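This is what each chain is made of:
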Amino acid sequence: MTIIPLTLLNLQDDGFHLLLEVIVFGKRFKAVLDTGASKTVFDKTTVEEHLHSDMMLQHTDMVSTGLGTTTMQSFMLTVPDLQIGGLHLRRYEVAILDLSTINFTYQQLDIEPVIGVIGGDILVKYGGVIDYRKNLLRLRTRRARKAVH
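Residues numbered from 1 in each chain as written. Predicted model: local features only at pLDDT ≥ 70, side-chain atom pairs only at ≥ 80, totals over all residues. Heavy atoms only, no water.

On to the overall build of the protein, then. Looking only at helices and strands, the protein has 3 helices and 11 strands in total. The secondary structure elements of the protein, listed N-terminal to C-terminal, are β-β-β-β-β-α-β-β-β-α-β-α-β-β. Counting across all 149 residues of the protein, residues that qualify as buried make up 40%. Put simply, 57% of the contacts in the protein that link residues at least 6 apart link residues at least 24 apart. In the structure as shown, the protein presents an accessible area of about 9,100 Å², 48% of it carried by carbon and sulfur atoms. (Helix = DSSP H or I, 4+ residues; strand = E, 2+ residues; numbered from the N terminus. Buried < 20%, exposed > 50% of the residue type's maximum accessible area, 1.4 Å probe, protein only. Contact = heavy atoms within 4.5 Å. Areas by Shrake-Rupley, 256 points an atom, 1.4 Å probe, with all protein chains shown as cover.)

For the rest of this paragraph, the subject is the sheet that holds strand β1 (residues 2-5). The strand order across the open sheet built from 3 strands is β1-β11-β10, with neighbouring strands paired in antiparallel fashion. Since the sheet does not close on itself, it has two edges, and those belong to β1 and β10 (129-131), each with one partner. For this sheet, the mean angle separating the axes of adjacent strands, direction not counted, is 25°. In this structure, β1 lies alongside strand β11 (residues 136-139), joined through 4 bridges in antiparallel fashion. Residue pairing in the sheet places I4 in a bridge with L137 of β11. (Pairing = 2+ DSSP bridges. Axes fitted to C-alpha atoms, helices over the stretch in contact; angles between N-to-C directions.)

Attention now moves to the pairing of strand β7 (residues 74-84). Of the strand pairs in this sheet, strand β3 (residues 16-24) and β7 are connected by 2 bridges, and their pairing is antiparallel. Its bridge partner being in β7, I23 is matched across the sheet by Q83. Across 9 bridges, β7 lies against strand β8 (residues 87-97) in antiparallel orientation. For M76, the partnering residue across the bridge sits in β8 and is A95. In sequence, β7 turns back onto β8 through a hairpin of 2 residues, with G85 there showing a positive phi of about 60°.

Our next topic: the pairing of β8. For strand β5 (residues 41-43) and β8, the ladder comprises 3 bridges, and the chain directions are parallel. In the strand pairing of β8, V41 is matched with A95.

Another point: the confidence of the model for the protein. Caution applies to low-pLDDT parts of the model: their predicted coordinates are not meant to be read in detail. The share of residues in the protein with pLDDT of 70 or more is 87%, and the mean pLDDT across the chain is 86. Throughout residues 65-69 the model reports pLDDT below 50, and contacts reaching past four residues in sequence, or to other chains, amount to 6 contacts. (pLDDT = per-residue confidence, 0-100.)

This brings us to the layout of surface pockets. Here the second largest pocket defines a volume of roughly 150 Å³. Broken down by element, the residue count for the lining of the second largest pocket peaks at 3 residues, all from helix α2 (residues 100-108). Class assignment of the residues belonging to the lining of the second largest pocket gives a composition of 4 nonpolar, 3 polar and 1 charged. (1 Å grid on protein atoms, 1.4 Å probe; cavity = no way out; pocket = protein on both sides within 12 Å on 5 of 7 lines; lining within 4 Å. Points joined across faces, edges and corners; volume = space filled by probe spheres on them. Nonpolar A, V, L, I, M, F, W, Y, C, P; charged D, E, K, R; others polar.)

Structure follows, in structure tokens:
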């Protein structure tokens, strides 16, 4: 079990976002924890700045919903190492989308940009439990055995 500290952002009249730290491409980034996101998604511009020569974005016909559009060009990327607290995900596949509108909104609120969104794929596979009172995320460091229907 690994315990990851969360930062609760009050977006004034727009609700709250939970942020956590991730390490990818050997660097620390902030990411949004989103229980409503089905898949983990990284920002295309940020990823392109850190791609290694042996990594390539793969175009996909996947339709992106929930970000205000269904026409957004999407890609997939196998990340060599994604670290969330003590959880190391090797060769983990993430979706790549243009998240500039999220980062623009954060910039307007004087909040540092995020690399992306940690979604339900990781939360379900690793038994994610959010403690809102203590602002913590608990994840198993091994994949949960429980079948999802």
